[in-house]
Amino acid sequence: MRKFFTLAILASMIALPLGAAMTQGEVSNPSVQNPTTPITGVVTDAAGIPVPGATVAVQGTTNGTQTDSYGRFTLNAPVGATLEVQCLGYATRTVAASAGTMSISLDEDIEMLNEAVAIGYGSVRKSDLTGSVAIIGSDKIKDLPQGGVTNILQGKVAGVNITSTSGDGGKTIRIRGVTSINKSNEPLWVVDGVIGGTVGNFYDIENIEVLKDASATAIYGTQGANGVILVTTKRPQEGTHITFDARYSTSRFRKMPELLSPKDFSFAYRSINGLNSIAADEVAAIENGTNPGIDWIDYCFRPSFSHSYNLNISGGSKKTQYGIIGSAGGGHGQIKNANSRSYSVKSTLNAELFPWLTFRGYAYGSVSKSHSNGFGFNDFIGYSPIMYAQDEDGVFLKDPYASIFANPGSDLWGDNRDNKSGSFQGYANFTFKILPELTFSSEGLYTDNHSRYGRFTTSKQTPGDSATGSFQSNQSYSWRNINTLNYTNDFGDHHVNLTAAFELTQSKSSYTSISGDGLDNEALTYWNMSAFNSNGVLNGFSNSGMVSWICRAVYSYQGKYSATATIRADAASQFRDKYKWGYFPSLAVAWNAEKEDFIDNTKIQQLKLRASVGQIGNSGVDAYTVYSKLSPDYARNNTLMGFWPATVSNPNVHWEKTTQYNLGVDFSFFRGRINGALDVYTSRTKDLLMAMNLPSLTGYPSIMANVGETKNKGFDFTLNVIPVRVAGFEW
């Protein structure tokens, strides 16, 4: 087993000398020395149209105001003071205050319009985006409480549903519903353009983009069948930067079921079943408090607590930057007898090796440990509060009054599960600048994961039970190679972005599992499986791969009209030769109506209409599913007689395909005071991969086949409103 280094995190805040600049001589501050006077003016755009809602403030102060619906403003400031004029969608401008009516013209913020948005295997200008993509920027991430990426997405993106799966913090993510019945519906994670890349930790995230419609996800083919989440991490910067962050959080259930007290339960039970249904001495013990009873909610639950410590060191020069991020954390969920802790470190390096060659890479390692149990959330409901949880020998007792199910404590304290996992990931990317408009990149990713899982159930779970134990070790590794050619250029009013890529992927995994029943010395738990009276051994191996070709073309005219066409071809090793290849096309168009002359730009800053159609697939069958598996047949004296087909094969199993249609509109009114997006979609998945039942006379219970169909339809609506925006304050 590999050794992973444990990260030592300081328990106190780190103060850094960032340097101070001192200037000798007399300092003149016009805003202090000169008297203030009313400064009036009008703010317009490049075409002379008034700009309402623009902020005009004395630079470096909170003294400011906003322009009215005619672009006019009045501000008390010294003549000659530096005024800073800002408005969403326009480049910030500074001017010197002057007497009389000032005329200030703002230019459109070209950088904002040309801001790159990641869409998989590259990026496009934000104005050319045609698919349904939700973006969560760093300004919305930095102030969130600690947690995983799911905490960032929770309640922030329409069409993304996040649900808790257990009291220990587990969550699932679904983008626009469920498409597959038997296989995974989890979205694809892409970190810094790396499929299967590692985030590192919560505080390493710069922004997140969620690709929802088929036009946006088709570039990923089968891997993007359930939506795609793109995570961009923070890049190292020039100079030396050190930050330390420590966070703590706690939570508890807002409302729990109201359970009867011991006295109330005793009264109700005897009222229904007769006064003698509970022994007189037990009733007396309940009445006088000798038997305090059990508060099952207090017995099973507690407030959760989590803590995390993060250290980030980065620096470098203009051509070379490095970064090291380390984190440690842990805590427990709201269910008792469950806890976890984790440690990770990630180092990154970006370098311009030559004017025509750049390198980007990282190495990541992590270790995590967790302890859990077999408790179910509803186990305690219905259990009487007047019984004792355990007898004098520690055996968990069953409820003699109100429930036939197992004692909640037997699963909570008698079923113990431990998991430890470690992972290593290495990534390297070389980008060659062939021409100013043409680049070629080759990247590789290697991932190695291992884990061990042990479970032990005590014989005290239920009277008469025997102890059981199991231990499983898992090992997996995968590698991925992607070679991408990208061409971007402008021809007058025409802009094109062409991408072609070739991708190779391979994954291997193996496991060994041991289980046993009956143990005399329970102190050994699962650590000495040979001590169990009976045990069984299982192991397995899996190997799968995929070859992919990708092509995409993005075209826009005058920044008004945009179109994106994509085709991806995947060949999956899980299928037979005839059905290995799956083809997934998509087409999307968009119209930036706000750029038309007939649109009033003083009130409408964005009005983009979008339409898309695309197809994505799912190869969600395990390796070797389409082949018959042989099992040995032994005689009574354990002599091998031969092999027989334990499963029946179906050579016609093929890709599960989903076709999706999407209509959407992105809008921004009144200088961004009201903005959002509306999408209406429908998707249909055909040839679902499912186990189809067979007649018993065949000798086989089922066979994997393409049967069934699902359909999803709905709408996503996002609305952001800024009711208050004044100088220095926004809400």
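Preceding this section is the structure that the text describes.
Predicted, not measured: the structure shown is a model, and the values here were computed from it.

**Digging into the packing of helix α6 (residues 262-273) against helix α7 (residues 280-288)**
To characterise two packed helices, one gives the angle between the axes of the helices and the distance between these axes. Contact pair α6 / α7: the axes reach a minimum separation of 9 Å and the direction vectors enclose 145°. Crossing of α6 over α7 shows left-handed handedness. Side by side, α6 and α7 meet where Pro262, Lys263, Ser266 and Arg270 of the first sit next to Val283, Ile286 and Glu287 of the second. Tallied by class, the residues present in the contact of α6 with α7 amount to three nonpolar, one polar and three charged.

**Examining the pattern of salt bridges**
Scanning all chains against the criterion turns up 11 salt bridges. A salt bridge links Arg72 to Asp68; the nearest nitrogen and oxygen atoms lie 3.2 Å apart. Judged by relative accessible area, which is 44%, Arg72 ranks as partly exposed. For Asp68, a relative accessible area of 28% gives the class partly exposed. For Arg247, the salt bridge identified is with Asp245, shortest N-O distance 3.1 Å. Asp245 sits in the partly exposed class, given a relative accessible area of 22%.

**A look at a nonpolar patch on the surface**
Together, Leu663, Leu678, Val680, Phe715, Phe717, Leu719 and Val721 line one region of the surface with nonpolar side chains, adding up to about 670 Å² of accessible area. Elements with a minimum of two residues in the nonpolar patch: β33 (674-686) and β36 (709-721). The element best represented in the nonpolar patch is β36, accounting for four residues. Within the secondary structure, Leu663 is located in strand β32 (residues 656-669). With relative accessibility at 55%, the residue Leu663 sits in the exposed group.

**Here we look at the environment of Ala553**
Looking at where Ala553 falls in the secondary structure, it is placed in strand β26 (residues 534-557). Remark: the alpha-carbon pair of Ala553 and Thr566, spanning 13 residues in sequence, is separated by 6.6 Å. With residues up to four places along the chain from it excluded, the contact list for Ala553 reads Asn497, Leu498, Ala563, Thr564 and Ala565.

Conventions we followed
Residues numbered from 1 in each chain as written. Predicted model: local features only at pLDDT ≥ 70, side-chain atom pairs only at ≥ 80, totals over all residues. Heavy atoms only, no water. Axes fitted to C-alpha atoms, helices over the stretch in contact; angles between N-to-C directions. Helix = DSSP H or I, 4+ residues; strand = E, 2+ residues; numbered from the N terminus. Left-handed = near helix turned anticlockwise from the far one by under 90°. Contact = heavy atoms within 4.5 Å. Nonpolar A, V, L, I, M, F, W, Y, C, P; charged D, E, K, R; others polar. Salt bridge = Lys/Arg side-chain N within 4 Å of Asp/Glu carboxyl O. Buried < 20%, exposed > 50% of the residue type's maximum accessible area, 1.4 Å probe, protein only. Patch = residues over 30% accessible without salt bridge, like charges linked within 9 Å, V, L, I, M, F, W, Y side chains within 5 Å. Areas by Shrake-Rupley, 256 points an atom, 1.4 Å probe, with all protein chains shown as cover.

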